[in-house]
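Here is how the chains run, residue by residue.
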Amino acid sequence: MTTDLTVGKPSQKLFWFSIPLLLSVAFQQLYQMADSIIVGRFAETVEAGELALAAVGASYPITQLFVAVATGINIGTGVLVSQLFGAKRYLRMKTAISTALLTTTTVALLLTLIGAIGTHGIMNALSTPENIFADGSLYLRVYVFGLLFLFIYNVCTGIFNAMGDSRTPLILLVLSSVGNVILDMVFVAGLHWGVAGVAWATFIAQGASGILTFVLLLRRVRSFDTGHHFVLFAPEMLRRLTNYAVPSIAQQSFVSVGNVLIQYYINLCGATVIAGFSAANRVNQFALTCCMSFASGLSSYVAQNIGARKLDRIGPGLKWGAVYSLGLSVVFMAIYLPFANKIISLFVPAGSASGVIDVARGYLFTVVPFYLVVCTKFVCDSVLRGAGAMRPFMVTTFSDLIIRVVLSIALFYVVGNEHGIWLSWPIGWFLGSGLSVFFYKSGAWKKNLPTF
């Protein structure tokens, strides 16, 4: 079922379209958290559980680099398809979709080859501690072989969302998440495969969801009766897709590369700090991606309305997107700050020393109070992204990240431990948020609007 976001009350349209997005990312983050919880708590010994948690955490920034490329393609495809859908140019929309799918497959296969060859070298370059190196490399290698499914799933769900259908991706993600957790329990708790069990559970669940999503998308595309055959691959659509996707890929990848650099210094602190950061980062990402779901909904809303040339609906959409996103961030702050120890203890094996929890709590207490700041950035960025104003969108993100990476390195040596690294998050958020608000207020997103 598709939804036309160019008509109706912005508050209601945006809310009901974004709720399935919220539930989707919540389930996605929950099953990723389940990986860490299960591998940490169901190990044969307390020490093995902590090392397994650290191994998954050490490879996490690398997996997120691949996710960043997939997300960038998702964003670029979503903007293009939303604008064509809003303009009701369905024949051209079909061409854009097929062009995006072919391009995505090519990129995914290329990255699979690169990842398979370079796994060992990547983990070694990050100064991964010897006691978690083997498990971390194993997890990353298995993950790499599932990249095609990851990319196909991301681009297909982005297309569904672009056409105003956020329910189908939710149903698919719930099925994938539940399946992943069940497989985690079978492979890790039942068969005691450890990190390998978590990796293969993710591979199987991701593969099944990618294939099913692709089949359902083909059926949806065929439901649009255009009266003419569409072109499978069009250079013009590739150019438009590149204009939107490449900046998004660069932005997402740059963020991930920055996180990899930060992970290098976290790795220097030892397995306890790695495990604590891994647990706290999963908890932090759960909150931020949930808050970002309303910004993602706003991005589709903006793109459709720009395609329909209804610019007067952008302002009200931004207002309600901010209300929903900032309101949810307050809820997470009210939960995380008083209950940080109990939440983190879910990841840590029973009887474990308090060091992992102390590290995780220190990170959360540093970043959680500033959720309102980063959510302001999410909302303003969504307007820039939906309008296809990728240059100012990239500037806001790069500024945030550059400051965060530079400060992480500098403060690590000044403070002398991981607490210096944690401080870089809120400082970067303040700068990025200020730039995002400036670019929205300046009207930069209204320049060079697309024509069809």
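Residues numbered from 1 in each chain as written. Predicted model: local features only at pLDDT ≥ 70, side-chain atom pairs only at ≥ 80, totals over all residues. Heavy atoms only, no water.

### As for the overall build of the protein
So the rule is basically this: A run of H or I in DSSP counts as a helix once it spans at least four residues, and a run of E counts as a strand once it spans at least two, with each numbered from the N terminus. We compute the radius of gyration from the C-alpha atoms alone; for a globule the expected value is 2.2 Å times N to the 0.38, where N is the number of residues. Here the term buried applies to any residue with accessible area under 20% of the maximum for its type, exposed to any over 50%, and partly exposed to those in between, with areas from a 1.4 Å probe on protein chains only. Whether two residues touch is decided by their heavy atoms; if any such pair falls within 4.5 Å, the residues are in contact.
Looking only at helices and strands, one finds 14 helices and zero strands in the protein. Mapped from its N terminus to its C terminus, the protein presents α and β elements in the order α-α-α-α-α-α-α-α-α-α-α-α-α-α. In terms of overall dimensions, the protein is globule-like: its C-alpha atoms have a radius of gyration of 21 Å, near the 22 Å expected for 452 residues. The dimensions of the protein, computed from C-alpha atoms along their principal axes, are 65 × 40 × 35 Å. Per-residue burial over the protein gives 58% buried out of 452 residues. The long-range fraction of contacts in the protein, counting pairs at least 24 apart against all pairs at least 6 apart in sequence, stands at 85%.

### Looking at the packing of helix 10 (residues 314-345) against helix 11 (residues 355-367)
Test applied: Only the contacting stretch of a helix is used when fitting its axis, a line to C-alpha atoms as for every element, and angles between N-to-C directions run 0 to 180 degrees. Each helix crossing is assigned a hand: it is left-handed if the near helix lies turned anticlockwise from the far helix by less than a right angle, otherwise right-handed if that turn is clockwise. Amino acids outside the nonpolar list (Ala, Val, Leu, Ile, Met, Phe, Trp, Tyr, Cys, Pro) and the charged list (Asp, Glu, Lys, Arg) are all regarded as polar, and Gly is one of them.
At their nearest, the axes of helix 10 and helix 11 sit 10 Å apart, and the two run at 145° to each other. Relative to helix 11, helix 10 is oriented so that their crossing is right-handed. Across from L337, A340, N341, I344 and S345 in helix 10, the residues of helix 11 making contact are I357, A360, R361, L364 and F365. Here the contact of helix 10 with helix 11 is built from residues that sort into seven nonpolar, two polar and one charged.

### Some words on the side chain of S137
Position of S137 relative to the elements: it lies in helix 4 (residues 130-144). For S137, a relative accessible area of 5% gives the class buried.

### A closer look at the packing of aromatic side chains
Short version of the rule: Note on aromatic pairs: the rings of Phe, Tyr and Trp (six-membered ring only in Trp) are paired at centre separations within 6.5 Å, and the planes decide the class, stacked below 30 degrees, edge-to-face beyond 60, tilted for the rest.
Under the definition given, this model contains 26 aromatic pairs. Judged by centre distance (5.0 Å) and plane angle (85°), the ring pair of F15 and W16 falls under edge-to-face. Overall, the relative accessible area of 27% leaves F15 in the partly exposed class. A centroid spacing of 6.4 Å and a plane angle of 25° characterise the contact between Y139 and Y143, whose relative ring orientation is stacked. Residue Y139 and its partner Y143 are both found in helix 4; the two are separated by four residues, about one turn of the helix. The exposure class of Y139 is buried, given its relative accessible area of 5%.

### Looking at the side chain of K94
Here K94 shows up in helix 3 (residues 90-125). Residue classification places K94 among the buried positions, given a relative accessible area of 7%. In contact with K94, not counting residues within four places along its chain, are V221, F224, T226 and F230.

### Points about a nonpolar patch on the surface
Just so we agree on the cut-off: Excluding any residue in a salt bridge, patches collect residues exceeding 30% relative accessible area, merging like charges within 9 Å and nonpolar Val, Leu, Ile, Met, Phe, Trp and Tyr side chains within 5 Å. Note on areas: Shrake-Rupley, 1.4 Å probe, and residue coverage restricted to the protein chains presented here. Here, a salt bridge means any Lys or Arg side-chain nitrogen found within 4 Å of an Asp or Glu carboxyl oxygen.
The grouping of V178, I182, V186, L191, W193, W200 and I204 at the surface amounts to a nonpolar patch, some 630 Å² of accessible area in total. Going through the elements one at a time, helix 6 (167-190) and helix 7 (195-222) are the ones with two or more residues in the nonpolar patch. Of the residues forming the nonpolar patch, the biggest block, three residues, is contributed by helix 6. Checked against the element boundaries, W193 lands in the loop between helix 6 and helix 7.

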